[in-house]
Amino acid sequence: MAVSAQLLVEELQIFGLECEEAVIEKLVELCILYGQNEEGMASELIAFCTSTHKDCFTLETLNSFEHEFLSKRVSKTRHGASKDKGLRHAGARDIVSIQELIEVEEEEETLLNSYTTPSKGSQKRTITTPETPLTKRSVSARSPHQLLSPSSFSPSATPPQKYSSRSNRGEVVTSFGSAQGMSWSGRGGASPLSLKVLGHPEPLTGSYKYMFQKLPDIREVLTCKIEELGSELKEHYKIEAFAPILVPAQEPVTLLGQIGCDSNGKLNHKSVILEGDLEHSSGAQIPVDLSELKEYSLFPGQVVVMEGINTTGRKLVATRLYEGVPLPFHQPDEEDGDSEQFMVLVACGPYTTSDSITFDPLLDLITIINRDRPDVCILFGPFLDAKHEQVESCLLTSSFEDVFKQCLRTIIEGTRSSGSHLIIVPSLRDVHHEPVYPQPPFSCSDLLREDKKRVRLVSEPCTLSINGVIFGLTSTDLLFHMGAEEISSSSGTSDRFSRILRHILTQRSYYPLYPPQEDMAIDYENFYLYAQLPVTPDVFIAPSELRYFVKDILGCVCVNPGRLTKGQVGGTFGRLYLRRQTAGGEGRQSPCAAAQVVRI
């Protein structure tokens with residue numbers, strides 16, 4: 001292999017190291033001898049010198065590096081290869097490995113059969129193993145229990161005791177619409193579906209670079225958000241102009257700004273700040289007295305229009321708060337496909353209980369999907385939860401990526417017989433995935449051709465059109481995040497969930513809270529592009545740790561299906577019957593005919 005001395009010098013200079021020519025020549029020799037590239041050799045040398053407290057500059061150190069590290073590594077590699085070769089046909093494989101061998105042999109036989117004449121028929125022979133005697137089962141007929149082998153990645157894969165002994169499985173805990181007497185079964189893949197991901201201006205389809213944003217970039221996004229929503233409110237309420245925040249006025253004034261926190265990062269009834277003019281580094285802030293308002297609901301980051309008295313320029317006594325205005329609904333057209341009724345199942349991870357890593361709840365959900373054959377299944381992460389005890393303690397013997405792939409393969413292959421379309425939404429709690437918001441879709445390059453038509457990997461958050469019915473999807477627990485920050489005063493009967501959902505729709509954002517909850521890593525440049533609502537959705541799915549519900553908010557059916565597991569016990573999932581209104585119909589009607597939240 002060709003090795004560049006100049007590249008080696010540049011790699012070492014990254015760590016602030018300058019080496020003599022003889023040392024570089026020796027490193028080039030080691031790269032060639034041990035088949036290592038420049039970057040890898042420099043990294044391993046730095047690691048060796050750091051752990052052994054040696055000087056990187058001397059030939060003596062390189063000799064020690066070769067004999068104590070490089071030569072031993074080669075020896076271990078050769079010994080392991082020899083051992084594997086000797087044991088290739090010995091010992092028992094786990095059932096996943098056996099099934100993979102069966103798949104490979106079946107594919108080879110299928111290729112062989114394609115070259116035979118019809119009169120000779122299939123040349124396929126019976127494959128027999130101790131675990132699957134005399135089987136001719138195809139990949140699509142494999143049981144999910146065979147696909148997922150927890151013992152292959154966890155030494156303590158014991159069944160969940162409390163979950164297994166539950167007695168309330170299948171119990172309907174809340175309903176919406178005309179759910180009484182529904183059969184709750186779909187058509188699987190029997191009818192064609194139109195699935196389109198919507199975006200503003202386009203959907204997020206792949207990874208992007210993050211951790212490079214600067215404070216002025218964040219400020220610019222917040223300023224644009226204030227200006228855009230302010231323009232809509234100004235037009236809707238026929239407001240002539242907004243007054244400057246810090247200019248005293250004897251007459252009532254109308255101000256535009258964003259709700260901010262006090263110096264302690266808190267928002268309470270006595271310390272509300274209205275921020276404006278965010279283009280400048282200092283910004284403009286004014287305290288707000290809410291005592292004259294009979295009703296209000298505020299949270300940090302909320303863009304508002306307030307009317308009040310600002311006689312000194314140092315404090316606004318608010319007398320009116322203008323409510324936000326939601327976006328219009330999507331208008332269906334002929335391209336949106338069939339207008340017949342269809343069934344959607346929604347479920348959110350974790351798919352394991354906190355005391356087990358066996359994925360029993362996931363396997364039960366797959367059984368339900370195969371039984372009910374919903375037209376669409378929307379599955380939210382986390383699939384391998386970063387908060388699981390065995391994950392936090394690093395007790396898994398396989399990589400997080402491999403465990404997730406086995407989980408995803410189980411979902412895809414295990415539901416193949418149902419024909420249901422799968423929508424997979426990632427979560428910031430998926431331990432193997434990029435922990436940035438908005439979050440790019442999972443990558444799965446080895447999908448079979450028959451699965452590519454029914455499996456859609458989408459971003460977090462995502463706006464999706466299913467036969468012209470618009471779904472807003474997010475796995476982030478914004479109900480919990482915003483509920484912890486909201487302050488309100490109301491003489492009515494509105495509950496906190498309804499107020500928060502109303503804020504999301506009128507602020508036109510999947511995450512309007514600012515500053516965000518401390519676990520949220522938001523890239524604001526991409527947040528502005530990919531985390532805004534392009535239209536008001538017909539159905540908004542917002543899974544949360546908080547209590548499940550189905551509510552109609554401003555014409556949008558909002559669903560919290562809960563999580564599939566709650567600690568050591570089973571949780572809930574949701575199901576909906578939908579039918580979009582035909583194009584040209586008079587007045588808008590909600591496409592959601594019925595919805596339920598059900599215990600797993």
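Predicted, not measured: the structure shown is a model, and the values here were computed from it.

Peer 1: Before we move on, could you go through the overall build of the protein chain and cite the residues and values that matter?
Peer 2: In terms of helices and strands, the protein chain carries 15 helices and 22 strands. Burial status across the protein chain gives 50% buried among its 600 residues. In the protein chain, the share of contacts with a sequence separation of at least 24, taken over all contacts with a separation of at least 6, comes to 73%. For the protein chain, the accessible surface area stands at approximately 29,400 Å², while carbon and sulfur atoms represent 50% of it.

Peer 1: Lay out the sheet that holds strand β13 (residues 462-466) in plain terms, naming residues and giving numbers.
Peer 2: Ordered by their spatial adjacency, six strands build an open sheet running β2-β13-β14-β16-β18-β17, and the pairing between neighbours is mixed. The two strands at the open ends of the sheet, each matched to only one other strand, are β2 (195-198) and β17 (549-553). Taken over all neighbouring pairs, the strand axes of this sheet differ in orientation by 25° on average, direction set aside. Set on the sheet, helix α14 (residues 496-507) makes contact with β16 (539-541), β17 and β18 (556-560); between it and β17 the angle comes to about 50°.

Peer 1: Give a detailed account of the pattern of salt bridges, specifying residues and quantitative values.
Peer 2: Evaluation of the coordinates by the stated rule reveals 19 salt bridges. Residue Arg166 is joined to Asp364 by a salt bridge in which the shortest nitrogen-to-oxygen separation is 3.3 Å. One end of the pair, Arg166, is in the loop between α7 (161-164) and β1 (172-177); the other, Asp364, is in helix α9 (residues 360-372), with 198 residues separating them in the sequence. Arg166 sits in the buried class, given a relative accessible area of 14%. Judged by its relative accessible area of 27%, Asp364 falls in the partly exposed class. Measuring nitrogen to oxygen at the nearest pair gives 2.7 Å for the salt bridge that ties Glu486 to Arg499. Residue Glu486 is located in the loop between α13 (478-483) and β15 (487-489), and its partner Arg499 is located in helix α14; the two are separated by 13 residues in the primary sequence. Looking at Glu486, the relative accessible area reads 6%, which means it is buried. Ionic contacts of the salt-bridge type, sharing partners, join the residues Asp385, Arg429, Glu545, Arg563 and Lys566 into one network.

Peer 1: Please give an account of the sheet that holds strand β5 (residues 284-289) that cites residues and values.
Peer 2: Overall, mixed pairing links the five strands, which are arranged β3-β4-β5-β8-β7 in a closed barrel. Ignoring which end each strand starts from, the neighbouring axes of this sheet average 55° apart. As paired strands, strand β4 (residues 272-276) and β5 are joined by five bridges and run antiparallel to one another. For Gly276, the partnering residue across the bridge sits in β5 and is Ala284.

Peer 1: Tell me about unusual backbone geometry, and name the residues and values.
Peer 2: Of note, the bond from Gly349 into Pro350 is cis; its omega dihedral lies within 30 degrees of zero at 10°. With respect to the secondary-structure elements, Pro350 resides in the loop between β9 (342-348) and α9. A cis amide bond, omega 0°, links Tyr514 with the succeeding residue Pro515. A positive phi is found at Trp184, a non-glycine position, where the angle reads about 55°.

Peer 1: I'd like to hear about the packing of aromatic side chains, residue by residue, with values.
Peer 2: Here the structure, examined in full by the defined rule, presents 16 aromatic pairs. Between Tyr514 and Tyr524, the aromatic rings sit 5.8 Å apart at their centres with planes inclined by 80°, giving edge-to-face as the arrangement. A residue pair is termed long-range when its members are at least 10 positions apart, and Tyr514 in the loop between α14 and α15 (524-530) and Tyr524 in helix α15 qualify at ten residues. On the basis of relative accessible area, Tyr524 is assigned to the buried category, the value being 5%. A connected cluster of aromatic rings, assembled from ring pairs, spans Tyr437, Tyr511, Tyr514, Tyr524 and Phe527. Positioned over the ring face of Phe549 is Lys551, at 5.8 Å from the centre of the ring. Positioned above the aromatic ring of Phe329 is the side chain of Arg588, whose terminal nitrogen or guanidinium carbon lies 3.6 Å from the ring centre.

Peer 1: Which residues make up the nonpolar core, and what are the values?
Peer 2: In this structure, Tyr351, Phe359, Leu365, Phe383 and Phe573 are the most contacted members of the largest nonpolar core, which totals 36 residues. For this core, the elements supplying multiple residues, two or more each, are β9, α9, β10 (376-380), α11 (400-414), β11 (421-425) and β12 (455-457). In this structure Phe573 touches Leu345, Val346, Ala347, Leu365, Ile368, Pro561, Leu564, Gln596, Val597, Val598, Arg599 and Ile600, once residues within four positions along its chain are discounted. In this structure, Val344, Phe380, Leu464 and Leu576 belong to the second largest nonpolar core, which totals 31 residues.

Peer 1: Would you mind going over the packing of α9 against α11 in detail, with residue names and values included?
Peer 2: One can describe the packing of α9 onto α11 by two numbers: an axis separation of 10 Å at closest approach and a directional angle of 20°. When the interaxial angle is binned, α9 and α11 end up roughly parallel. Here α9 runs over α11; the crossing is right-handed. Each of Leu362, Leu363, Ile366 and Asn370 in α9 lies in contact with α11, whose residues at this interface are Cys407, Thr410, Ile411 and Gly414. Of the residues contributing to the contact of α9 with α11, the split by class is five nonpolar, three polar and no charged.

Peer 1: I'd like a description of the environment of Asn526, backed by residues and values.
Peer 2: In this structure, Asn526 sits in helix α15. Accessibility expressed as a relative area gives 11% for Asn526, which makes it buried. Along the backbone, Asn526 and Tyr437 are 89 residues apart, and their C-alpha atoms lie at a distance of 8.2 Å. Apart from the residues within four sequence positions on either side, Asn526 is in contact with Tyr208, Lys209, Pro438 and Ala531.

Peer 1: Tell me what's going on with the side chain of Asp538, and back it up with residues and numbers.
Peer 2: As for its placement among the helices and strands, Asp538 is situated in the loop between α15 and β16. Ignoring sequence-local partners within four residues, the contact set of Asp538 consists of Phe329, Gly468, Val469, Ile470, Gly555, Cys556, Val557, Arg588 and Pro591.

Peer 1: Lay out the pairing of strand β22 (residues 592-599) with the relevant residues and their values.
Peer 2: The element β22 is largely enclosed, with a buried count of six among its eight residues. Here β1 pairs with β22 via five bridges, running antiparallel. For Val172, the partnering residue across the bridge sits in β22 and is Val598. Pairing of strand β21 (residues 572-578) with β22 involves seven bridges; the strand directions are antiparallel. Its bridge partner lying in β22, Phe573 is registered against Val598.

Peer 1: Can you explain the packing of helix α1 (residues 5-14) against helix α3 (residues 38-52)? Please cite residues and give values.
Peer 2: Packed helices, taken two at a time, are described by their axes: the angle between them and the distance between them. One way to put it is that α1 packs onto α3 with a least axis distance of 9 Å and a crossing angle of 40°. Taken together, the axes of α1 and α3 lie oblique to each other. Between α1 and α3 lies a crossing of right-handed hand. In contact with Leu7, Leu8, Glu11 and Leu12 of α1, α3 contributes Glu38, Glu39, Ala42 and Ile46. Broken down by class, the residue content of the contact of α1 with α3 amounts to five nonpolar, no polar and three charged.

Rules behind the numbers
- Residues numbered from 1 in each chain as written.
- Predicted model: local features only at pLDDT ≥ 70, side-chain atom pairs only at ≥ 80, totals over all residues.
- Heavy atoms only, no water.
- Helix = DSSP H or I, 4+ residues; strand = E, 2+ residues; numbered from the N terminus.
- Buried < 20%, exposed > 50% of the residue type's maximum accessible area, 1.4 Å probe, protein only.
- Contact = heavy atoms within 4.5 Å.
- Areas by Shrake-Rupley, 256 points an atom, 1.4 Å probe, with all protein chains shown as cover.
- Pairing = 2+ DSSP bridges.
- Axes fitted to C-alpha atoms, helices over the stretch in contact; angles between N-to-C directions.
- Salt bridge = Lys/Arg side-chain N within 4 Å of Asp/Glu carboxyl O.
- Phe/Tyr/Trp six-rings, centres within 6.5 Å; stacked < 30°, edge-to-face > 60°.
- Lys NZ or Arg CZ within 6 Å of the ring centre and 35° of its normal.
- Core = buried A, V, L, I, M, F, W, Y, C linked by side-chain atoms within 4.5 Å.
- Parallel < 35°, antiparallel > 145°, perpendicular 65-115°, else oblique.
- Left-handed = near helix turned anticlockwise from the far one by under 90°.
- Nonpolar A, V, L, I, M, F, W, Y, C, P; charged D, E, K, R; others polar.

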